[in-house]
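So you can see what is in the structure, the chains are spelled out below.
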Amino acid sequence: MERDYQPQIIEPEIQKSWESEKTFKTTEDHNKPKFYCLCMFPYPSGKLHMGHVRNYTIGDVISRFMTMKGYNVLQPMGWDAFGMPAENAAIKNQLPPATWTYENIDHMRRQLKRLGFGYDWDRELATCTPDYYRWEQWLFTRMVDKGLAYRKKARVNWDPVDRTVLANEQVVDGRGWRSGALVEKREIDQWFIRITDYADELLDDLNSVDWPEQVKTMQRNWIGRSQGVEFSFERQGTQERLEVYTTRPDTIMGITYVAVAAQHPIATKAAETNPDIAAFIRDCAQMSVIEADLAKAPKKGIATGEYVIHPFSGEEIPIWIANFVLMDYGSGAVMAVPGHDQRDWEFATQYGLPIKPVIKSYDDDPDYDISKQAWCEKTGVTINSGQFDNLTFEQAFEAVANAIEDQRIGRVTTNYRLRDWGVGRQRYWGCPIPIIHTDEGLKIVRDEDLPVTLPEDVVVDGSESPLIGRSDFVDTVDPETGRQAKRETDTFDTFMESSWYYARFASAFSNDAMLDQNANYWLPVDLYIGGIEHAILHLLYARFFHKVLRDLDLVVTNEPFKKLLTQGMVLKDGSKMSKSKGNTVDPQELIDRYGADTVRLFMMFAAPPELSLEWSDDGVAGAHRFLKRLHTLVTEHVGQGNHLTSDTLELDALSDSARDLYRKLHETVAKVSDDIGRRYHFNTAIAAVMELTNSAIKFNATTESDWQVLSEVIETLVILLSPITPHIAQHLWSQLGNDGSLIDTHWPTVREDALIRDTVTLIVQVNGKLRGRIQVATDADDETVMRMAREEPSVAKFLGGMIEKKAIVIPQKIINLVVAPKR
RNA sequence: GCCGGUGUGAUGGAAUUGGUAGACAUACCGGACUUAAAAUCCGGAGAGGGAAACCUCGUGCCAGUUCGAGUCUGGCCACCGGCACCA
């Protein structure tokens, strides 16, 4: 028998047998409970990075564990294959994006297979293939039919040198990343999808999913549902009105100005006659399109010279144009209450506008000083507010809202921070938007003409999309009129593809519909695993798509992902390891050197999934060393010829040391089962397995029952580790004389009677400080335990000259004696 | 700026429900084996004081709740993620 651990020999052999025996082929088996375990699919950037290895190892460990627990497990894999990096690579390498992408997929598929992940490869998909994206195009045409998709102008980054639209990522310090030209902003017509129609449902259904609270909170805040009041001011000297939205109607008497967005019609109108205003608006139009930049930008504004009339006081209030007011939120205009809103306060301070306090804090809070900052708490009462004086937030809200409704100038409304989803991209390597521009207007492409296929033989040069110059793509005929038409050259946001792939895996073989009935066998995804960086956008879009699919009767559930596990990032040098930053560590080198099992073991041992993990090369060797120790333990055990298995081990017949080892065995089974199956804390599961291994190595077996215990320990170790390091486990399993695939074996169960202890160690504290330990019988009564605690010498010496005031006893754990000096 | 997280030995982390802080590893130090090295095996180790027994301090910082706080509360600091065209 081969005595050395040789992963480079055994791993490929075992992988070959999984492939030839179709071990991970999945079918819809109604005799077992199903378990759909999905990891976020990768962008095929070239090669796997550590984040992928971490993500997919977690999924594989859970999938293998659930299989051994008797579930019918689906674990698929595919490729999020459209996107910008392929175009960048195409420019650099003079290769079409498709060629680059398919080569990357081939390489990364080999890497995934080399890591031993148990995927059902028959279901593999790549989003850049017409077989996949035709259904996305089909779905989009249904959305157009239902009025869920519409056209609207949106601002984009325009590189005047490369004559192309840039992604935010491609704008560096306000300049195009390739040309270095100052980036301009352009307004262009774009397709939007009405995700806001589903805002309430997206918010409310968060309560029905088993997701980390932090992710649900982030999504709730992102949707940002607020109750407020929408009302309009009379504009002095005109017949027109100005509509605003506020969540703080209780502060209405503190308005000292109103502010409108630079894109607001009032601003546009004012600019016609005032060149300063026109210049200000032009400046605003060149501001960043990134919200974080806008929030940090210095507040700027300009007075319009126009006024509105306060609905209750009749005062004249100036209208300002301000760069911090967003046209997309509410009506693009706000009532400004600088006393009680920090942004309004800063703006008023800067431009010398009055600040009027209308809320007084209840308890003379020392932070209440309106000359220094706004008071934004809702805990005070109204002052200086005439008819609305001396009211709490709730009372004032209601009174003001009623007064506004009585005047018929507004009403209570719900508003959302969430905006509709702009899905058009002026890029080549994406799913073509199935629209034709005809002389009768825009028309969706008919079902029978789908898919609109993206030509793959193109030259990408960094300027405008190559689709625009392709007459074989652009020129078409309107099937209704027979007249000339042009195809839309925009493609979809790649979040479109990743919003429904989870469902397509579940009906991977459906050729004549987007989804078939198998989708409803597998869905929802029982466990979805991926990076925390997707907590909002991807997960929100996918949830939205699922509801659209449901409303089209394609699925029956409300939510796509029942449980979510968000893994922390793999960091290198303190920041996210990513292809865009180019700071990746290549897992392939580690696989070549140590084998897949070592890499898998190390990744799972280094940190629990949800924590971010700073990569370091230290420790991989330690994981490898452990596998060698295990390999040696098992091969020596088998070599000694004393591998004895018994179904009827008599606990009473065991020596003390064998009894202890046997108890530890079952404690380990309990811990590992809980850690893998419930907590997803693989690092502590591995630590427990290591402890048991160390105990097994130290154990000196002499009798037949000793050998039986050791044999059971060794066999169980191999099984417990098999989800994490499946190759060495399978190899050792065979060495131990077992036939067949280890994954067909049942997960071990805990023998409860093996866990029973006769004695337990209790901690004794005096005034909360550890002073001693006592060994007591598990069934000892409190009186006995207390006597032993007080008599324990290390404890007793702290009791001299003291009066015992209190004794806290936590059974089987701790005793705390609270004492004070005698006087 | 806003939203969400994280912070424990030299390092990664453990402590699951408020009850022994530092499991299990890595790096390090010492020993065994070896002509030697590697590999392997055995042992040590939070910091400070002490000859030792043992004592004191210690989970980013400052307060608080509690018999008892890494864990709960309030306030700060640092770092990480997201902010709608990176995926």
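The coordinates are above.
Described in the following lines is the structure provided in the data block. (Residues numbered from 1 in each chain as written. Chains lettered and ligands numbered in written order. Predicted model: local features only at pLDDT ≥ 70, side-chain atom pairs only at ≥ 80, totals over all residues. Heavy atoms only, no water.)

## So, the nonpolar core
Filter applied, for reference: Residues enter a nonpolar core if they are buried and are Ala, Val, Leu, Ile, Met, Phe, Trp, Tyr or Cys, with the set joined through side-chain atoms within 4.5 Å. Relative accessible area decides the class of each residue, using a 1.4 Å probe on protein chains only: under 20% of the type maximum gives buried, over 50% gives exposed, and in between gives partly exposed. Whether two residues touch is decided by their heavy atoms; if any such pair falls within 4.5 Å, the residues are in contact.
Ranked by internal contacts, the top residues of the largest apolar core, which has 179 residues, are Tyr36, Ile62, Tyr502 and Met603. Discounting chain neighbours no more than four positions away, the residues touching Tyr36 are Leu74, Pro76, Tyr502, Phe505, Ala506, Trp522, Leu523, Pro524, Val525, Asp526 and Leu527. Ala267, Ala278, Phe312 and Phe388 belong to the second largest nonpolar core, which has 43 residues in total.

## Thoughts on the pattern of salt bridges
Selection criterion: Counted as salt bridges are all cases of a side-chain nitrogen of Lys or Arg within 4 Å of a carboxyl oxygen of Asp or Glu. The secondary structure listing takes helices from DSSP runs of H or I that are at least 4 residues long and strands from runs of E that are at least 2 residues long, numbered from the N terminus.
All chains considered together, the criterion is met by 56 salt bridges. Here Asp526 and Lys34 are joined by a salt bridge, their closest N and O atoms 2.7 Å apart. In this pair, Asp526 sits in strand β26 (residues 525-531) while Lys34 sits in strand β1 (residues 34-39), placing the two residues 492 residues apart along the sequence. With respect to class, Asp526 is no different from Lys34; both count as buried.

## Quick look at the side chain of Ser722
The condition that has to hold: Any pair of N or O atoms that falls within 3.5 Å is considered a polar contact. Within protein, one atom must be able to donate a hydrogen and the other to accept it, and sequence-neighbouring residues count only if both atoms are side-chain atoms.
Looking at the element boundaries, Ser722 is found in the loop between α23 (704-721) and α24 (726-735). Classification of Ser722 by relative accessible area gives buried; the value is 5%. In terms of polar contacts, Ser722 uses its side chain to reach the backbone carbonyl oxygen of Ile719, at 2.7 Å.

## A short note on the protein's contact with RNA strand B
Quick note on the threshold: The near set for a molecule or strand comprises every residue that places at least one heavy atom within 4 Å of it. Following the grouping adopted for this structure description, the nonpolar residues are Ala, Val, Leu, Ile, Met, Phe, Trp, Tyr, Cys and Pro, the charged ones are Asp, Glu, Lys and Arg, and the polar ones are all others, Gly among them.
Looking at RNA strand B, there are 74 residues lining it, with Ala606, Lys671, Arg678, Arg773 and Asn816 nearest. Sugar and phosphate atoms constitute 61% of the interface atoms of RNA strand B, taking the interface as everything within 4 Å of the protein. With respect to RNA strand B, the side chain of Asn221 contributes an N or O atom lying 2.7 Å from a sugar or linking oxygen. Within the side chain of Arg678, an N or O atom sits 2.6 Å from a base oxygen of RNA strand B. Ranked by residues supplied to the surface near RNA strand B, first place goes to helix α22 (residues 682-698) with six residues. Grouping the constituent residues of the surface near RNA strand B by class yields 28 nonpolar, 20 polar and 26 charged.

## Details of helix α19 (residues 596-606)
Judged by how many residues are buried, α19 sits mostly within the fold: nine of 11 residues are covered. Within α19, the full set of buried residues consists of Ala596, Asp597, Thr598, Val599, Arg600, Leu601, Phe602, Met603 and Met604.

## Considerations on the sheet that holds strand β32 (residues 769-777)
Which entries qualify depends on this criterion: By the convention used here, strands pair only if DSSP detects at least 2 bridges between them. Whenever a helix is involved, its axis is fitted only over the stretch in contact; in every case the axis is a line through C-alpha atoms, and angles between N-to-C directions fall within 0 to 180 degrees.
In space, the four strands of this open sheet follow the order β32-β31-β34-β33, with mixed pairing throughout. Here the strands that pair on one side only, and so sit at the sheet edges, are β32 and β33 (802-810). Strand-to-strand twist across the sheet, computed as the mean angle between neighbouring axes with direction ignored, equals 20 degrees. Bridge analysis of β33 against strand β34 (residues 814-821) gives eight bridges, and the strand direction is antiparallel. Considered in β34, the bridge of Val809 is made with Ile815. Of the strands in this sheet, β31 (759-766), β32, β33 and β34 are in contact with helix α25 (residues 782-791), which crosses β32 at around 135 degrees.

## A short note on the packing of aromatic side chains
Applied cut-off: Stacked, edge-to-face and tilted labels apply to pairs of Phe, Tyr and Trp rings (six-membered ring for Trp) whose centres lie within 6.5 Å, assigned for plane angles under 30 degrees, over 60, and everything in between, in that order.
Throughout the structure, instances matching the rule amount to 34 aromatic pairs. Ring plane angle 65 degrees and centroid distance 5.9 Å describe the contact between Phe393 and Phe397, whose orientation is recorded as edge-to-face. Placement of the pair is Phe393 and Phe397 together in helix α12 (residues 393-406), with a separation of four residues, close to one helical turn. Note on accessibility: Phe393 and Phe397 belong to one class, buried. A centroid spacing of 5.9 Å and a plane angle of 35 degrees characterise the contact between Tyr428 and Trp429, whose relative ring orientation is tilted. Overall, Tyr428 belongs to the buried group, its relative accessible area being 1%.

## A closer look at the pairing of β1
The line we're drawing: By definition, the crossover connecting two strands over a helix is right-handed if that path, from the first strand to the second, turns clockwise as seen with the strands pointing away from the viewer.
Within β1, six of the six residues are buried, which leaves the element mostly enclosed by the surrounding structure. With burial as the criterion, each face of β1 is covered, one bearing Lys34, Tyr36 and Leu38 and the other bearing Phe35, Cys37 and Cys39. Bridge count for β1 against strand β2 (residues 72-74) is three bridges, and the pairing is parallel. By the bridge assignment, Phe35 is partnered in β2 with Val73. As for the winding sense of the linkage, the β-α-β connection from β1 through helix α2 (residues 50-68) to β2 is right-handed. Bridge count for β1 against β26 is three bridges, and the pairing is parallel. Bridge pairing links Cys39 to Ile529 in β26.

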